[in-house]
Amino acid sequence: MTTHVLSTPEVDLVHDILGPLPTADGSPPLVMIGQPMDAAGFRTLASSFPDRTVVTYDPRGLGRSTRKDGRVDHVPGVQAADVHALIEALGAGPVEMFASSGGAVTALALVAAHPDDVTTLVAHEPPLIPVVPDAPAAERARAGVRDVYEAKGFGAGMAAFIQMTSWRGEYSDAYFAQPAPDPAAFGLPAEDDGSRGDPVLSDRSWAVSGYRPDVDALAAARTRVVIAVGEESLDSFTGRASAATAELLGQQPTVFPSHHGGFLGGEHGYAGQPEAFARRLREVLGDTG
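Calculation notes
- Residues numbered from 1 in each chain as written.
- Predicted model: local features only at pLDDT ≥ 70, side-chain atom pairs only at ≥ 80, totals over all residues.
- Heavy atoms only, no water.
- Helix = DSSP H or I, 4+ residues; strand = E, 2+ residues; numbered from the N terminus.
- Buried < 20%, exposed > 50% of the residue type's maximum accessible area, 1.4 Å probe, protein only.
- Salt bridge = Lys/Arg side-chain N within 4 Å of Asp/Glu carboxyl O.
- Core = buried A, V, L, I, M, F, W, Y, C linked by side-chain atoms within 4.5 Å.
- Contact = heavy atoms within 4.5 Å.
- UniProt positions renumbered as here; feature names shortened; annotations may be inferred.

### Considerations on unusual backbone geometry
Moving on, step 1. In this structure, Pro22 follows Leu21 across a cis peptide bond, with omega equal to -5 degrees.
Moving on, step 2. Relative to the assigned elements, Pro22 resides in the loop between strand E2 (11-18) and strand E3 (30-33).
Moving on, step 3. Cis geometry marks the peptide bond from Gly93 to Pro94; its omega dihedral reads -5 degrees.
Moving on, step 4. The phi dihedral of Ser101 is positive, around 55 degrees, even though this residue is not glycine.
Moving on, step 5. Following the sequence through the fold, Ser101 ends up in the loop between strand E6 (95-100) and helix H3 (102-113).
Moving on, step 6. Residue classification places Ser101 among the buried residues on the basis of a relative accessible area of 17%.
Moving on, step 7. The phi angle at Glu125 is positive, at roughly 55 degrees, despite the residue not being glycine.

What follows is the structure, encoded as structure tokens:
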């Protein structure tokens, strides 16, 4: 693995390249992106593709990538422009892409704006509020997490986030009638460290979860777009959002093993089924290596 920095006027984008460029067999690089997850979250998955050149990166303002734009918010169009610049800098496009969570939102924005950058996109569980039937209730639930975080700090905010993302089905009156969860029940700290900049618990990433895919642009693109969902996520918010996004694109969601973090190894504390996940990703990409 080699680590590189792509410097633009707005950001220093740190990215890792595993394998040769140009690729040894002429196949496209496999780019893996997340948000707010950085490159470290893909180490286990990348290790399952030793025959491929894999590229991972830290989104602007996250991990090792340093912003120079004076902003703290996370916006899909801005992040898509960063990924486009990265693909151009690699000089090996178009690429194949696996994108998870907020990274899947970035990737959908990328394909809409730069349809020649990606041959196949596997967009895994994009957390898109506007596409679900209960969008106003989902927005209320998201605001509730932010409010708890602002009032009580990280532990309480993360407990509320887990409660929100673990809820099955639409956000009903029963959801909103629940008491705020105890951080200790999730092994989280109860004390408030005073920080309020978490990209998930604050409103800094609301543009990500509030993004509405450009269906016409995606349909017009030559990119093969696959919306993926974990088998354990089907009736959770991200699962429902995946199904709704797939429906907008005239397809059924492609089911993968495990949950929202199904590709993660045990070192991340939210282990999925990374070996089975990698096998499924190879199938979807049509990669028999």
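After that view of the structure, there is still more to cover.
### Some points on the pattern of salt bridges
Moving on, step 1. This structure, assessed with the given rule, holds 17 salt bridges.
Moving on, step 2. Its salt-bridge partner being Arg222, residue Asp116 comes within 2.4 Å of it at the nearest N-O pair. Taken together, the positions of Asp116 in the loop between H3 and strand E7 (118-124) and Arg222 in the loop between helix H8 (215-220) and strand E8 (224-230) put the pair 106 residues apart, joining distant regions of the chain.
Moving on, step 3. With a shortest N-O distance of 2.6 Å, Arg196 and Asp192 are connected by a salt bridge.
Moving on, step 4. Exposure remark for Arg196: the relative accessible area of 23% places this residue in the partly exposed category.
Moving on, step 5. Note on Asp192: relative accessible area 36%, which makes it partly exposed.
Moving on, step 6. One network of salt bridges, with partners in common, ties together Glu10, Arg60, Arg67, Asp69 and Asp82.

### A word on the nonpolar core
Moving on, step 1. In this structure, Ile33, Met97, Leu121 and Tyr171 are the most contacted members of the largest nonpolar core, which totals 55 residues.
Moving on, step 2. If near-sequence neighbours (up to four positions away) are discounted, Leu121 is found in contact with Met97, Ala99, Ala107, Leu108, Val111, Thr223, Arg224, Val225 and Val226.
Moving on, step 3. One finds Met32, Phe42, Val54 and Phe256 within the second-largest nonpolar core, a separate group that totals 19 residues.

### Focus: the UniProt feature "domain: AB hydrolase-1" (unreviewed entry) in the chain
Moving on, step 1. Within this numbering scheme, the UniProt entry marks residues 41-132 as carrying the feature "domain: AB hydrolase-1" (unreviewed entry).
Moving on, step 2. A distance of 27 Å separates the end C-alpha atoms of residues 41-132, which is 35% helix and 21% strand.

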